[in-house]
Amino acid sequence: MGMSAFIKRTRELMRFMVLIVVSMAISAVYGYMTWDGDFNSRLGSFVGCMSLAHPLSMGMAVLLANIIFKKRHNMRIRISLSVIYLLSFGTLYLTQTRGAWLGWIFSTIAILIFYKKRVVTAGLIITTIIIIFSPGMIKERVASITDLNTNSERIALWNASLDTFVKNPIFGVGTHNGVKYFDEYLTRYKEDYKSYNGTSHNTYLSFLYQNGLIGFLLLYILFVLVPFKLRDGFKKIAVKNIDREWILIGTLGSFVSFVVSGMTQNVYSNQISGALIGVILYFVYLFSKEEHAIERLYRNLKE
């Protein structure tokens, strides 16, 4: 909640959101400038390439909610934000990062449900068309999401995570200490795979084997707490008719992206993703405070 020290008013919140959008635009442009045009290689820019695609997906959720639901935008601002969103979409597309793709799909669905449910169907049709007309490498990446043979190495790392947890169930083995245990597991079962420095490619399994049941319970509480607090925020906004529902919807979409992406990558270990989940928690805190705080926020929004 350190952000509460400098984000206390709506103007400050808007400035903070502007910085996120500008950084997304700069990163996307830089990515296109450095891309060599080869779909068989990944975009070597902002996404660095796999881990940073996930916070991009999370940021896109907030941006999409702002474009759709913020009522006070003039047409020029809405078009500018839409261009940045499309640039970011292209960047995400070129990263070929499957977990971030899934996070984007589910977060977009969550956001569009609040807009018009029939738009969800249209969006899925457009996504399918994009995949159909994509280069062969992109199609292979999409098809590999459900291919057990392609994901056999990742499955082996998941098994290594569970094996490590079973041996250290209460407190886990600590952060970044999984290499030894992973190597032992892979050697014991003659799995010819790399331990990837003890990275399980799964946020939940990483928490489980690194922090044990205690750490995983705290993560579970977080994932249960956020939706309930967001629900409280929606109720209070509905009562006050505040034109800030886009913040809550974008926060929800970003959180959905984080949760889904975490199934294929240890998203929380990434510094940018960790910072963004901090932003999410602050937004949840902001809109679920006691009633007099909401009244104060409402007065600020009228300025």
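Numbering of residues starts from 1 in each chain and follows the order in which that chain's sequence is written. With the structure being a predicted model, the display of local features is reserved for residues of pLDDT at least 70 and the display and counting of side-chain atom pairs for 80 or more, all residues being used for whole-chain, interface and lining totals. The basis for every side-chain value is the complete set of heavy atoms in the structure, and neither hydrogens nor water enter the calculation.

Student: Explain the packing of helix α2 (residues 53–69) against helix α4 (residues 98–115) here, please?
Tutor: To describe two helices that pack against each other, one gives the angle between their axes and the distance between the axes. For every element, the axis is a line fit to its C-alpha atoms; helices are fit only across the contacting stretch, and the angle between N-to-C directions ranges from 0 to 180 degrees. Helical segments are the DSSP runs of H or I of at least four residues, strand segments are the runs of E of at least two, and each set is numbered from the N terminus. The N-to-C vectors of α2 and α4 enclose an angle of 15°; their axes lie 9 Å apart at closest approach. Here α4 runs roughly parallel to α2, going by the angle between their axes. For the pair α2 and α4, the crossing hand works out as right-handed. Judged by residue contacts, A53, H54, S57, M60, A61, L64, A65, I68 and F69 of α2 engage G99, A100, G103, W104, S107, T108, I111, L112, F114 and Y115 from α4. Of the residues contributing to the contact of α2 with α4, the split by class is 13 nonpolar, 6 polar and no charged. Angle categories are assigned with fixed cut-offs, so that under 35 degrees is roughly parallel, over 145 is roughly antiparallel, 65 to 115 is roughly perpendicular, and the rest are oblique. By definition, turning the near helix anticlockwise from the far helix through less than a right angle yields a left-handed crossing, and turning it clockwise yields a right-handed one. Here a residue-residue contact requires only that any non-hydrogen atoms of the pair lie within 4.5 Å. Gly counts as polar in this scheme, as do all residues outside two lists: the nonpolar Ala, Val, Leu, Ile, Met, Phe, Trp, Tyr, Cys and Pro, and the charged Asp, Glu, Lys and Arg.

Student: For this particular structure, what's the right way to read the side chain of S206?
Tutor: Within the secondary structure, S206 is located in helix α9 (residues 203–240). Using a relative accessible area of 1% as the deciding quantity, one classes S206 as buried. In protein, a polar contact requires one atom able to donate a hydrogen and another able to accept it; more generally it is a pair of N or O atoms within 3.5 Å, and residues adjacent in sequence count only if both atoms are side-chain atoms. In this structure the side chain of S206 is engaged in a polar contact, spanning 2.8 Å, whose partner is the backbone oxygen of N202. Ignoring sequence-local partners within four residues, the contact set of S206 consists of S200, N211 and N266. The rule is simple: take the accessible area with a 1.4 Å probe, protein chains only, and divide by the maximum for that residue type; under 20% is buried, over 50% is exposed, in between is partly exposed.

Student: I keep staring at the packing of helix α7 (residues 152–167) against helix α8 (residues 178–188) and nothing clicks. Help me out?
Tutor: In contact at an axis separation of 9 Å, α7 and α8 are set at 115° when each is read in the N-to-C sense. Crossing of α7 against α8: the hand is right-handed. Here A156, L157, N159, A160, S161, D163, T164 and K167 of α7 lie close against α8, whose contacting residues are Y181, F182, Y185, L186 and R188. Of the residues in the contact of α7 with α8, the class split is 7 nonpolar, 3 polar and 3 charged.

Student: Looking at this structure, I do not really get the nonpolar core. What am I missing?
Tutor: Nonpolar side chains in soluble globular proteins generally cluster together in the buried interior. Counting 30 residues, the largest nonpolar core has M60, L63, Y85 and L92 as its most contacted members. Sort the elements by how many residues they give to this core and α2 lands first, with 10 residues. In contact with L92, not counting residues within four places along its chain, are A53, L56, S57, M60, A100, W101 and W104. Here, nonpolar core means buried Ala, Val, Leu, Ile, Met, Phe, Trp, Tyr and Cys residues that are tied together by side-chain atoms lying within 4.5 Å of each other. Counting residues in each nonpolar core, the second largest holds 13 residues, with F207, L222, V226 and L252 among its members.

Student: What exactly am I supposed to notice about the pattern of salt bridges here?
Tutor: Two side chains that carry opposite charge are able to pair once their charged atoms sit near each other. Salt bridge criterion: a side-chain nitrogen from Lys or Arg within 4 Å of a carboxyl oxygen from Asp or Glu. As enumerated under the stated definition, the model contains 1 salt bridge in all. The salt bridge partner of K167 is D163, with a shortest N-O separation of 3.5 Å. Highlighted residues: K167 and D163, both in helix α7, separated by 4 residues, approximately one helical turn. Take K167: its relative accessible area is 46%, and that puts it in the partly exposed class. Overall, the relative accessible area of 17% leaves D163 in the buried class.

Student: What's the story with the confidence of the model for the protein chain in this structure? I'm lost.
Tutor: Parts of the model with low pLDDT should not have their predicted coordinates read in detail. Each residue carries a pLDDT score, the predictor's confidence in it, ranging from 0 to 100. Confidence along the protein chain averages 76 in pLDDT terms, with 72% of residues attaining 70 or more. Looking over the protein chain, one finds the lowest element-wise mean pLDDT in helix α12 (residues 291–301), namely 47, and the highest in α4, namely 90. Counting interchain partners and residues more than four positions distant, the pLDDT-below-50 stretch residues 1–5 has 8 contacts. A low-confidence stretch, residues 290–298 (pLDDT under 50), is modelled with 12 contacts involving residues beyond four sequence positions or located in other chains.

Student: Before we go on, may I ask you to explain unusual backbone geometry in this structure?
Tutor: If a residue is not glycine, its phi is most likely negative; likewise, a peptide bond is most likely trans. The phi angle at Q96 is positive, at roughly 60°, despite the residue not being glycine. When its relative accessible area of 2% is taken as the criterion, Q96 is described as buried.

Student: Explain the environment of L81 to me, please; I cannot follow it from the model alone.
Tutor: With respect to the helices and strands, the residue L81 is situated in helix α3 (residues 75–95). Overall, L81 belongs to the buried group, its relative accessible area being 12%. For the pair L81 and I67, spaced 14 residues apart in sequence, the C-alpha to C-alpha distance is 6.7 Å. Contacts of L81, omitting those with residues within four sequence positions, involve V21, L63, N66, I67 and H73.

Student: Could you clarify how one ought to interpret helix α10 (residues 245–261) in this entry?
Tutor: Residues spaced three or four apart along an α-helix point in a common direction, a consequence of the helix completing one turn every 3.6 residues. To estimate the expected span of a helix, count its residues, drop one, and scale the result by 1.5 Å. With 17 residues, α10 ought to run about 24 Å at 1.5 Å a step, and its terminal C-alpha atoms sit 24 Å apart, in line with that. Here α10 lies mainly inside the structure; 15 of its 17 residues are buried.

Student: Even after reading the chapter, I still don't get the packing of aromatic side chains, so can you show me in this structure?
Tutor: Working definition: an aromatic ring pair is given by the centre-to-centre distance plus the angle between the planes. For Phe, Tyr and Trp, rings pair up if their centres lie within 6.5 Å, where Trp contributes its six-membered ring, and each pair is then called stacked (planes under 30 degrees apart), edge-to-face (over 60) or tilted (otherwise). With the rule as written, the count across this model stands at 3 aromatic pairs. With a centroid separation of 5.2 Å and 50° between ring planes, the pair formed by F182 and Y209 is classed as tilted. Taken together, the residues F182 in helix α8 and Y209 in helix α9 connect sequence positions 27 residues apart. Of the residues examined, F182 reaches a relative accessible area of 0% and is grouped as buried.

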